[in-house]
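# Overview (structure and organization)
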Amino acid sequence: MLSDIWVYKKTSRIMLALLLAAVVMLATQNWQLGLLLFIVVAGCVVYIKRCDYYQEKRLLRYLDDLSAGVSAGTVYAVKNLPVGIAMMDEKKELVWANNVFRGWIGKDAQEGVRFQNLVTGQKISKIWGKTGWFDCHAGGTFFRVFHKFIDVDIGGGTQSPFMVFYFMDRTDVEVAVRECTEARPVFGIIRIDNVSEVTSDMTDMEKSALLSDVTEKVLSYFSSRDGFIKQYSTTDFVTCVSQKALTELMESNFDILDQVRAIHTVNRIPVTLSIGVVQSEDSFAKQFEEAQVSLDLALGRGGDQAIVRIGKDVKAFGGKLPTAVSSTRVRVRVVAQALKEIIDGADTVLIMGHAHEDFDALGAAVGVSHLARASHKETHIVLSKERDTCKKMVEAIEKSGQAEGLLVDEGEAKGLITDKTVVVIVDTHIPELVAAPEVLRKAKKKVVIDHHRRASTMISAPLLTYMEPSASSASELVSELVQYYGGDEEMNELEASCLYAGIVVDTKNFAVQTSVRTFDAASFLRRCGADTKLVHRLFEEDISSIRTKAEILADMKLVDGTIAIASCPEHVEESQILAGQVADYLVTIKEIRASFLFYYTEKGLCLSARSDGSINVQVVMEALGGGGHLTVAGAQLGKEGNREEAEKTIIAEVRKQIKEEKE
């Protein structure tokens, strides 16, 4: 525009010069006409100049008004745009904010306030000096915030840094996303897991009435949560609920388990459910498969509980009752015959328990070695390096002379593995806990025999899995298998004694976790020549261990009058045995419902937990990465384990169970 004005000025000067030239030429011919024309031209020039002056004055006034309007509009826009703007100085304090930001945040948005106090969801110190964006909550609103770092020169070479934040309200988007997420379908499979035991002595009418009550309770429970549920067999249901409904179910700890358990039965055996649920973004077909895996995990842990798989996270709810014991031996016979076929096809049988073997793990391994011997197969028991817990049994085996070459270490076992070698794992099903991890990795044929409730991780692709959480011990399971295995080899005194010792140690001298089948197994072992005197010698204590126990008890801490927490001194031999024995003793004391003993091994901090049955210590230990039974469990916290944090977790989990019990 200015260039156009300059061209106009230049053209007018040229025209004026031409007119003056014409006046001069006319004056040379006729001075009178020249003078007259000069007067006329001069008048026109004055008039034009006057008009230009007023025009320029109006133009300048217009530009001034326009500039003022633009400045006012800019200031108004910055202050009132639907975008919150705030500035923070190097002290992380608010120095300026527009009206929109102040309206969103409220009275707290004052100069000098700590910026971190205004927003939640982002640590401001981590983004200082950077440009980018983040999501946060402030003043009850969800924002997406873009931030930019600015260095301002305030003179003298001094820089005053600032951070500018642009807040965009995304509450509507966040609400829509949350609603869509909450509406996503979640699949679950429900099973009445003890129908045969509950209805064994009922008439058809009583059985029909009971199943009708349970079915009505389950259908109405899930239907009331706007869920789809379909019964596809007498004992099985499939359901689909929203993620919001699943959250409500978890908050209520799947109280449908308690509601069904409270249904009155003629024989007073409570009805229990097992529920498997999966929350994922996979296809519906894949989700249904994963739900079945969750149900299998719930059943493997003894039933009467719900397992929810959210990605890789596994959450367990329920499991308050001891696992029901099946009175039938059909499964034992089937498993024994399947195991015989597997061993008959092997060239070598390697057996191992968990690391830090106890009497149950080693006793069960000795029992399985008898099965391999009955099939005339070469067999070896692979021991871990940490043998302090089973040292007395190892010595008894070596001194007997009946099992020469039976015990080997991991290095020897690796050299014996071929494609036909069968590796039998007893008293554990978690790959990280086995006595010889390298042997497990090299083995192509694996068998798992365990009495613990199933954990979230398990040995992959075993040829045979025999897990009975209702059994007192792995030695009890193996003792039953021996009776149905067949073969012409009689169990010798040493083998029977080792199995008997395994049952004794896990039942605390037949005081806990026992059933009719436990005593049947013990009777069978006594008939096979189990030496109770030998077993008694295995459990003998010396005076130093008694003094150590006294020291542990003296430093014991009692929480809420029901939770006993103690620690075994470091560098004490057989610390695992001592911790277990003290933990067992503590739950026999009046009013103590659960005991937790810390001890130290080569692997770092470990934990032994016991309960009188009213607290599920398996759930408590799972919170620390361990596992076990309702009344007996443990965990390995490692060399980086923090005892104080572990204690806080233990107390919180136990209090949670006690609170649920009262509700």
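Throughout what follows, the structure given in this document is the object of discussion.

How each quantity is defined
Along each chain, the written sequence defines residue order, and numbers are assigned to residues from 1. Reporting in this predicted model follows two pLDDT cut-offs: at least 70 for local features of residues, and 80 or more for side-chain atom pairs to be given and counted; totals over whole chains, interfaces and linings ignore these cut-offs and use all residues. Only heavy atoms go into the side-chain values, all of them from the structure, while hydrogens and water stay out. By the convention used here, strands pair only if DSSP detects at least 2 bridges between them. Helix and strand assignments come from DSSP, with helices taken as H or I runs of at least 4 residues and strands as E runs of at least 2, each series counted from the N terminus. Structural elements are reduced to axes, namely lines fitted to C-alpha atoms, with helices fitted over the stretch in contact, and the angle between N-to-C directions of any two is expressed from 0 to 180 degrees. In this scheme, roughly parallel covers angles under 35 degrees and roughly antiparallel covers those over 145, while 65 to 115 is roughly perpendicular and the rest are oblique. The handedness criterion is simple: a crossing whose near helix is rotated anticlockwise from the far helix by less than a right angle is left-handed, and one whose near helix is rotated clockwise is right-handed. Every residue pair with non-hydrogen atoms within 4.5 Å of one another is taken to be in contact. We call Asp, Glu, Lys and Arg charged. Ala, Val, Leu, Ile, Met, Phe, Trp, Tyr, Cys and Pro are nonpolar, and the rest, Gly among them, are polar. Centre distance within 6.5 Å is the pairing criterion for rings of Phe, Tyr and Trp, where only the six-membered ring of Trp is used; planes under 30 degrees apart are then read as stacked, over 60 as edge-to-face, and the remainder as tilted. When accessible area is computed with a 1.4 Å probe and restricted to protein chains, residues below 20% of their type maximum are described as buried, those above 50% as exposed, and intermediate ones as partly exposed.

### Section: the sheet that holds strand β19 (residues 563-567)
- With mixed pairing, 6 strands are arranged side by side in an open sheet as β18-β19-β20-β21-β23-β22. Each end of this open sheet is capped by a strand with a single partner; those strands are β18 (557-559) and β22 (627-628).
- As paired elements, β19 and strand β20 (residues 594-601) share 5 bridges and run parallel to each other. Bridging from a neighbouring strand, Ser567 pairs with Phe598 of β20.

### Describing the packing of helix α12 (residues 359-374) against helix α13 (residues 391-400)
- At their nearest, the axes of α12 and α13 sit 9 Å apart, and the two run at 30° to each other. One finds that α12 runs roughly parallel with respect to α13. Crossing of α12 against α13: the hand is right-handed. Counted together, Phe359, Leu362, Gly363 and Val366 of α12 and Lys392, Met393, Val394 and Ile397 of α13 form the full contact between these two elements.
- Broken down by class, the residue content of the contact of α12 with α13 amounts to 6 nonpolar, 1 polar and 1 charged.

### A word on the packing of aromatic side chains
- Tallied over the full model, the rule gives 12 aromatic pairs.
- On the basis of an interplanar angle of 45° and a centroid distance of 5.4 Å, the ring pair of Phe254 and Phe317 is categorised as tilted. Of this pair, Phe254 sits in the loop between α8 (243-251) and α9 (256-261) while Phe317 is found in strand β11 (residues 313-318), placing the two residues 63 residues apart along the sequence. The burial state of Phe254 is the same as that of Phe317; both residues are buried.
- Where Phe510 meets Phe519, the ring centres are 5.5 Å apart and the plane angle is 25°; that geometry is what we call stacked.
- By way of ring pairs, the aromatic residues Phe101, Phe115, Phe143, Phe165 and Phe167 are connected into one cluster.

Purely geometric numbers; function is a separate question.
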